[in-house]
Amino acid sequence: RAFPVFVFCGYVPWLFFSSSLINSCYSLYRSQALMEETYFPREIPVIAEVLAQLSVNLITFVTFLGFFVFSSYLKMPVSALVVLPVLLIIQLIIVLAISLALALCNVFFRDIAYFVDILLTIWFYLTPIFYPLSWVPERVQVLIRLNPVTAIIEAYRALFYDGLPVQTASLLYPLGFGFVLLLLSWRVFAVYEKRILEEL
């Protein structure tokens, strides 16, 4: 099995995650002029940014996927056609939840985007992208498994690297994490929505 496929299964999902969070920090600033001219839900710029990053991610994913399939490095089980959309939805929920929180925080605390870069660097190394989880000591594995992105990347690897079906139970944690966080982020965003233009 090729190491590039191993990295591909971790890095492409991470790319969508990290690029969405970084760009979402500035999404409300970019839409300031439009928000001053007309009213629309303030969540729209954040959602639009996340969906834009998702589109770029899908193009990247399909391009690399085609290359690896053509090169016979990759063998996908039939279940991948069903599980892949589920993985994308879970990713989208988590990314949107965090993006809403960061976009709002960056309005009230202008330098938070710089801390996001640092946080993502630390988060990157705490996510099994370039290394298998089995290499990590068991005590540290507990910490890494608390990272919801870990379960998603492990699911991608099960499908496209190991050619195995994904265990449904392994996706319950990231799904629950994302859903609860999205509800909280959306609620807080709604509370402070009216003050966004004042702070911008």
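Everything here concerns the structure above.
Reference entry: report on the structure contained in this document. (Residues numbered from 1 in each chain as written. Predicted model: local features only at pLDDT ≥ 70, side-chain atom pairs only at ≥ 80, totals over all residues. Heavy atoms only, no water.)

**Section: the overall build of the chain**
Right, on to step 1. When helices and strands are counted, the chain shows 10 helices and 0 strands.
Right, on to step 2. Along the chain, from the amino end to the carboxyl end, the secondary structure elements read α-α-α-α-α-α-α-α-α-α.
Right, on to step 3. By the compact-globule yardstick of 16 Å for 200 residues, the chain fits well, its C-alpha radius of gyration being 18 Å.
Right, on to step 4. Considering only C-alpha atoms, the chain reaches an extent of 55 × 40 × 25 Å along its principal axes.
Right, on to step 5. Taken over 200 residues, the chain has a buried fraction of 48%.
Right, on to step 6. Here the contacts in the chain between residues at least 6 apart in sequence split such that 80% fall between residues at least 24 apart.
Right, on to step 7. As presented, the chain carries roughly 11,000 Å² of accessible surface, and 70% of it is formed by carbon and sulfur atoms. (Helix = DSSP H or I, 4+ residues; strand = E, 2+ residues; numbered from the N terminus. Rg over C-alpha atoms; globule rule 2.2 N^0.38 Å. Buried < 20%, exposed > 50% of the residue type's maximum accessible area, 1.4 Å probe, protein only. Contact = heavy atoms within 4.5 Å. Areas by Shrake-Rupley, 256 points an atom, 1.4 Å probe, with all protein chains shown as cover.)

**Considering the packing of helix α8 (residues 148-160) against helix α9 (residues 172-192)**
Right, on to step 1. Where α8 contacts α9, the axes come no closer than 8 Å and their chain directions differ by 135°. Of the possible angle classes, the one that applies to α8 and α9 is oblique. Note on packing geometry: the crossing formed by α8 with α9 is left-handed. Residue-level contacts link P148, A151 and I152 of α8 to Y173, P174 and F177 of α9. (Axes fitted to C-alpha atoms, helices over the stretch in contact; angles between N-to-C directions. Parallel < 35°, antiparallel > 145°, perpendicular 65-115°, else oblique. Left-handed = near helix turned anticlockwise from the far one by under 90°.)

**Notes on the packing of aromatic side chains**
Right, on to step 1. Taken as a whole and assessed by the stated rule, the structure comprises 11 aromatic pairs.
Right, on to step 2. Judged by centre distance (5.3 Å) and plane angle (75°), the rings of F6 and Y161 are edge-to-face. Of this pair, F6 sits in helix α1 (residues 3-24) while Y161 is found in the loop between α8 and α9, placing the two residues 155 residues apart along the sequence. For the pair F6 and Y161, one class covers both residues: buried.
Right, on to step 3. Relative to F124, the ring of W14 has its centre 5.8 Å away and its plane inclined at 65°; by these criteria the two rings are edge-to-face. Here the residue W14 occupies a position in helix α1, and F124 occupies one in helix α6 (residues 112-125), the gap between them amounting to 110 residues. The exposure classification of W14 matches that of F124, with both residues buried.
Right, on to step 4. Grouping aromatic residues by their ring pairs yields a cluster made of Y11, W14, F17, W123, F124, Y125 and F130.
Right, on to step 5. In this arrangement the basic side chain of R157 is found over the ring face of F6, its NZ or CZ atom lying 3.6 Å from the centre. (Phe/Tyr/Trp six-rings, centres within 6.5 Å; stacked < 30°, edge-to-face > 60°. Lys NZ or Arg CZ within 6 Å of the ring centre and 35° of its normal.)

**Considering the nonpolar core**
Right, on to step 1. Formed by 55 residues in total, the largest nonpolar core has its most connected members in W14, F17, L28, F61, Y156 and F160.
Right, on to step 2. Counting residues per element, the ones that place at least two in this core are α1, α4 (43-70), α5 (80-108), α6, α8 and α9.
Right, on to step 3. Among the elements that make up this core, the one with the highest residue count is α5 (16 residues).
Right, on to step 4. In contact with F61, other than residues within four places in its own chain, are F8, V12, L84, Y156 and F160. (Core = buried A, V, L, I, M, F, W, Y, C linked by side-chain atoms within 4.5 Å.)

**Digging into the packing of α1 against α6**
Right, on to step 1. For the pair α1 and α6, interaxial distance at closest approach is 11 Å and the crossing angle is 165°. Considering the angle they form, α1 stands roughly antiparallel to α6. Crossing geometry of α1 relative to α6 is assigned as right-handed. Contact with α1, carried on its side by Y11, W14, F17, S18, L21 and I22, involves D117, L120, W123 and F124 of α6 and no other residues of that element.
Right, on to step 2. Per-class residue counts for the contact of α1 with α6 are 8 nonpolar, 1 polar and 1 charged. (Nonpolar A, V, L, I, M, F, W, Y, C, P; charged D, E, K, R; others polar.)

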